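Single-letter residue listing:
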Amino acid sequence: MAILKLIGLLRPSRNQLLHKRLPGEGVRDSIWQHAINTLAGFSTVRQNIVADGKLTGRVFAPYSVFKGKAALSAEPRLPTFSKLDSGGVKLNRRGVIMLTFWPSVGERKYDWEKRQLFALSATEVGSLISIGTRDSCEFFHDPSMLSSNAGQVRKSLSFKPNADGSGYFVSLSVVNNNLKTNDRFTVPVTTAEFAVMRTAFSFALPHIMGWDRFTNQPSESVSQSPSKVVPQLMETEWDR
């Protein structure tokens, strides 16, 4: 018992470790609140699995890049399905790779509340992962395209190579004529960072298409009807 008490005294608590890590991680204030929420999300998922044997929470695992003027994160959003009377499943909504940009408001400080989203479809992911070191690509989104409200809200995303071939400039422009706003974000990514994104996007591609179903991999996004899909998975690019 004495040995166990000694180990307990020497072992720092989880909160102590988190407190020691925060100052040295390089990203603080509002973004740290987001990070803490992420840790809480992981904890909730584990508790839900233990409680009823089912995954009822969302797993947070974004790949993030923090630079001087803005930050960028990417994560897959899985497709949603509904169960058919025959016992099969039907695709309700295709998945995407969701890119999130948010601005810097000071040295190592970022404003999560001013984030903007851009959802890459499977075809757009294919275009992105196929570009070379000297190639560029650009995507345009308009939720009201082919309607009388076309052009009221426009988003454009571009990947353009650096002059020295050391990486890319990733830029997002969001023009909202209804709100009279024009937001621009530019995040330089290194060759190594882009390599991580390319590899991760390639891995995620069949999953956002729903093709992992053919290998009988379980997914938490199956429901009896579209109205019962996990709420977090229904967030779209145009929610921001």
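Residues numbered from 1 in each chain as written. Predicted model: local features only at pLDDT ≥ 70, side-chain atom pairs only at ≥ 80, totals over all residues. Heavy atoms only, no water.

- In the annotation of an unreviewed UniProt entry, the protein chain is listed under the name Single-stranded DNA-bindig protein WHY2, mitochondrial isoform X3 and assigned to Nicotiana tabacum.
- The Sequence similarities (unreviewed entry) comment attached to the protein chain in UniProt states, word for word, "Belongs to the Whirly family." (UniProt positions renumbered as here; feature names shortened; annotations may be inferred.)

## Some details on the overall build of the protein chain
- The helix and strand tally for the protein chain stands at five helices and twelve strands.
- The buried share among the 240 residues of the protein chain stands at 36%.
- Within the protein chain, contacts between residues separated by at least 24 positions form 51% of all contacts whose residues are at least 6 apart in sequence.
- Just so you have it, the protein chain exposes about 14600 Å², and 57% of that area is on carbon and sulfur atoms. (Helix = DSSP H or I, 4+ residues; strand = E, 2+ residues; numbered from the N terminus. Buried < 20%, exposed > 50% of the residue type's maximum accessible area, 1.4 Å probe, protein only. Contact = heavy atoms within 4.5 Å. Areas by Shrake-Rupley, 256 points an atom, 1.4 Å probe, with all protein chains shown as cover.)

## Points about unusual backbone geometry
- Phi at R108 takes a positive value of approximately 60°, unusual for a residue other than glycine.
- If you trace the backbone, R108 turns up in the loop between β5 (96-106) and β6 (109-110).
- At K180, a position not held by glycine, the phi torsion is positive, near 60°.
- Within the fold, K180 resides in the loop between β10 (167-176) and β11 (181-190).

## Some words on the sheet that holds β11
- Read across the sheet, four strands follow the order β8-β9-β10-β11 without closing on themselves; strand pairing throughout is antiparallel. One side of each edge strand has no neighbouring strand; the edge strands of this open sheet are β8 (137-141) and β11. Each strand of the sheet is rotated relative to its neighbour by a mean of 10°, with strand direction disregarded.
- Pairing between β8 and strand β9 (residues 153-161): five bridges, direction antiparallel. Bridge pairing in β9 links H141 to K155.
- The strands that helix α4 (residues 122-129) touches are β8 and β9; relative to β8, the one it contacts most, it runs at about 160°. (Pairing = 2+ DSSP bridges. Axes fitted to C-alpha atoms, helices over the stretch in contact; angles between N-to-C directions.)

## Brief notes about the environment of Y63
- Position of Y63 among the secondary structure elements: in strand β1 (residues 63-66).
- The partly exposed category is assigned to Y63, whose relative accessible area is 29%.
- In this view, Y63 contacts L72, S73, A74, E193, V196 and M197; residues no more than four positions away in its chain are not counted.

## A few points about the nonpolar core
- Ranked by size, the top nonpolar core spans 30 residues in total, and within it I97, L99, F101, L120, L157, F159 and F201 carry the most contacts.
- When residues of this core are assigned to their parent elements, the largest contribution, six residues, is made by helix α5 (residues 191-208).
- Discounting chain neighbours no more than four positions away, the residues touching L120 are V96, I97, L99, V125, L128, F139, L157 and F201. (Core = buried A, V, L, I, M, F, W, Y, C linked by side-chain atoms within 4.5 Å.)

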